[in-house]
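So the chains spell out like this:
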Amino acid sequence: MKILGQVVFLLLLGGICCQNNRNAKSSGKSSKKSGNQGGDVAQSPPEDNSHPRPGGTAESAREGTPAGRAAGQQTDDMRLQFLKNTQVTCNDGTPAGFYLKEFRGSRRWLLFLEGGWCCYNKATCDTRYQNIPRLMSSSQWPQTKRGTGILSSQAEENPHWHNTNIVFIPYCSSDVWSGTGPVLTPARTRQGREKEKDRNATEYTFMGSLIIREVIKDLIPKGIKLAKVVMLTGTSAGGTGVLLNIERVASQLEQLGAETQVRGLVDSGWFLESKQQRAPDCPETVSCLPEDAIKKGLRLWNGVVPDRCRQLYKRGEEWQCFFGHKLYSTLTSPLFIVQWLFDEEQLRVENIYLGGPSLSQQQWTYMKNLGMELKNSLTDVTAVFAPSCLSHTLITKSNWMNFQVKGTSLPRAVQCWERSFQEANRNNRTPSKGCHFQLVDTCHWPQCNPTCPVLVDQATKQELTLLQMLVAMGLDLQSLGLDPQTDAGSLASMVSNGG
């Protein structure tokens, strides 16, 4: 044990030294230190309205800009527009809407669905409304919003989509973008019996799918019918929303007479069912398994799923269509899946919180196996970017270009994927050399990819290696099932700290 203790000490020391070297090398690259690293908040894409970016680059000066812009005027902001159809609302009845930044002359559109999980009964919706009102109401939405990552209008940050029409659709329906109408009046007892309100009845409305429909209607005067490409994208629950709605969006545009290809980019919305056994009558969101929350929510939301998937399951089993590995094969629209192999939200479902006070042997075993299970679920996905990292959401990180799988960044992979459609149209059967878009990490351990987001201790805000974090949570090498002599490679990956 004395030798084992010395090994741990040397590894920790080596990890700190490596970290210091990495920090020295990355001096001046402030994007690596962004607050979006490690302890990412899944529910909202990062934004920063307090620090305006420098104005017009040489490239933006060459490209068309809307008439009437004054010199020095902000050009990077998306502006809020409420839906014309006032009957389609947020949960609390306030108007739903979207943020738009037009790029004159562009025939490409990027529609982004915000994430933020859901609520599924009166108790969870009341708690959500009290704690995160912006996810249920538009009453406090700002007039402008600035995008980051794939939503950025800066060529340096977003090389392939900065010069497109960008639409950010805030999430205020709490239904994983599946709801189609108001809640019915609660059932009441009759014939003189005491009237009692259903304890799950709410006064909220759930119209996520309808909001998407109305946004597209409102974009017709802006030129979306003339689009060549519409990319429907989203993170977390918004990513699942892409899977649930992409066929409807394609059908709606086709009915409008648009000759456009609708594609989907799904970020961190590819979840697996939980391994735990819990009481199905879960009173709180944190105590409810995702499948149980969806089962309850579908009835409350009047939720809908894609037709071809729904036909695979009997009545009451439609919830299974919320899981990408069951839904993907039934969809016909092109999809690109972005998924961390060790997704922090997937871990939280199993009550695993990195940086928490403890980690059991059973939880560590689940954590080790999660990466392989996610890999297996992605086997038939033709366009995928899956780094072996601990994080949640990727495409709206301001440093999203830094993350790589097999030497290819996500923006490059998405560009290669889009290029494949152009080549197919030209009957070019040979893909571009060195242009890959089926990218899944082959290493097995969390954080074994050297470009992973760094782990941050939420209490001290200090960067940690995986090994440092696990040891701090009470694990030693023996409980990890590691032999210092035979598992040197795995240990080496655990004392590095990604990007």
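Residues numbered from 1 in each chain as written. Predicted model: local features only at pLDDT ≥ 70, side-chain atom pairs only at ≥ 80, totals over all residues. Heavy atoms only, no water.

Enquirer: I'd like a rundown of the confidence of the model for the protein chain, residues and numbers included.
Expert: Scored by pLDDT, the protein chain comes out at a mean of 80, with 72% of its residues at no less than 70. Throughout residues 1-74 the model reports pLDDT below 50, and contacts reaching past four residues in sequence, or to other chains, amount to 106 contacts. In the predicted structure, residues 183-199 sits below a pLDDT of 50 and forms 14 contacts with residues beyond four places in sequence or in another chain. (pLDDT = per-residue confidence, 0-100. Contact = heavy atoms within 4.5 Å.)

Enquirer: Describe the side chain of Asn91, and please don't skip the residues or the numbers.
Expert: Examined against the element boundaries, Asn91 turns out to sit in the loop between β1 (77-82) and β2 (97-101). A distance of 2.6 Å separates the side chain of Asn91 from the side chain of Ser174, its partner in a polar contact. If we skip the residues at most four places from it in the chain, Asn91 touches Leu135, Met136, Cys172, Ser173, Ser174, Glu203, Tyr204, Thr205 and Phe206. (Helix = DSSP H or I, 4+ residues; strand = E, 2+ residues; numbered from the N terminus. Polar contact = N/O pair within 3.5 Å; in protein donor to acceptor, adjacent residues only side chain to side chain.)

Enquirer: Can you explain the packing of aromatic side chains? Please cite residues and give values.
Expert: For any pair of aromatic rings, the description rests on two quantities: the centre-to-centre distance and the angle between the ring planes. Taken as a whole, this structure holds eleven aromatic pairs when the rule is applied. Taking 6.1 Å as the distance between ring centres and 85° as the angle between the ring planes, the aromatic pair formed by Trp319 and Phe323 counts as edge-to-face. The pair formed by Trp319 and Phe323 is uniform in burial state, with each residue classed as buried. With 5.5 Å between their ring centres and 80° between their planes, Trp340 and Phe403 make a pair best called edge-to-face. Residue Trp340 is found in the loop between β10 (335-338) and β11 (342-343), and its partner Phe403 is found in the loop between β13 (390-391) and β14 (404-405); the two are separated by 63 residues along the sequence. (Phe/Tyr/Trp six-rings, centres within 6.5 Å; stacked < 30°, edge-to-face > 60°. Buried < 20%, exposed > 50% of the residue type's maximum accessible area, 1.4 Å probe, protein only.)

Enquirer: Break down the sheet that holds β2 for me, citing the residues and quoting the values.
Expert: Read from one edge to the other, the open sheet built from ten strands follows the order β4-β1-β2-β5-β3-β8-β9-β10-β12-β16, with strand pairing classed as mixed. A single partner strand is all that each edge strand has here, and the edge strands are β4 (144-146) and β16 (438-440). Looking at each pair of strands side by side, their axes are set apart by 20° on average, direction ignored. Taken together, the five bridges between strand β3 (residues 108-113) and strand β5 (residues 165-169) define a ladder with parallel strand orientation. In the strand pairing of β5, Phe112 is matched with Phe168. Its contacts with the sheet place helix α4 (residues 208-218) against β1, β2, β3 and β5, and it is angled at close to 150° to β5. (Pairing = 2+ DSSP bridges. Axes fitted to C-alpha atoms, helices over the stretch in contact; angles between N-to-C directions.)

Enquirer: Can you break down the nonpolar core residue by residue, with the values?
Expert: The biggest cluster of nonpolar side chains holds 119 residues, and the ones touching the most others in it are Trp109, Val167, Val176, Phe322, Phe336, Phe385 and Leu410. Counting residues per element, this core draws most heavily on helix α5 (residues 237-255), at seven residues. (Core = buried A, V, L, I, M, F, W, Y, C linked by side-chain atoms within 4.5 Å.)

Enquirer: Describe in detail the pattern of salt bridges, supporting the description with residues and values.
Expert: In this structure the tally under the stated criterion is twelve salt bridges. The partner of Asp126 in a salt bridge is Lys122, and the shortest N-O contact between them spans 2.7 Å. One end of the pair is Asp126 and the other is Lys122, both in helix α3 (residues 122-131) and four residues apart, which spans about a single turn. The partly exposed category is assigned to Asp126, whose relative accessible area is 28%. Note that Lys295 is salt-bridged to Asp292, the shortest N-O span being 3.8 Å. Linking Lys295 with Asp292, this pair stays in helix α6 (residues 290-301), spanning three residues, or about one helical turn. Ionic contacts of the salt-bridge type, sharing partners, join the residues Arg108, Arg263 and Glu418 into one network. (Salt bridge = Lys/Arg side-chain N within 4 Å of Asp/Glu carboxyl O.)

Enquirer: Please provide a residue-by-residue account of helix α10 (residues 361-377), values included.
Expert: For α10, which comprises 17 residues, the first-to-last C-alpha distance of 24 Å matches the rise-based estimate of 24 Å (1.5 Å per residue) to within 8%. Of all the bends in α10, the greatest measures close to 35° and is centred on Asn369. Residues Gln363, Trp364, Tyr366, Met367, Leu370, Gly371, Leu374, Lys375 and Ser377 constitute the buried set of α10. (Expected span 1.5 Å × (residues − 1). Bend = angle between axes of the 7 residues up to and from the residue.)

Enquirer: How would you explain α3 if you had to name every residue and give the values?
Expert: For α3, the full list of buried residues reads Thr124, Cys125 and Arg128. Down the axis of α3, the buried set is contained in an arc of 100°. They therefore lie on one face. Summarising the contacts, the buried residues of α3 are in contact with β7 (205-206) and α6. (Arc of directions from axis to C-beta.)

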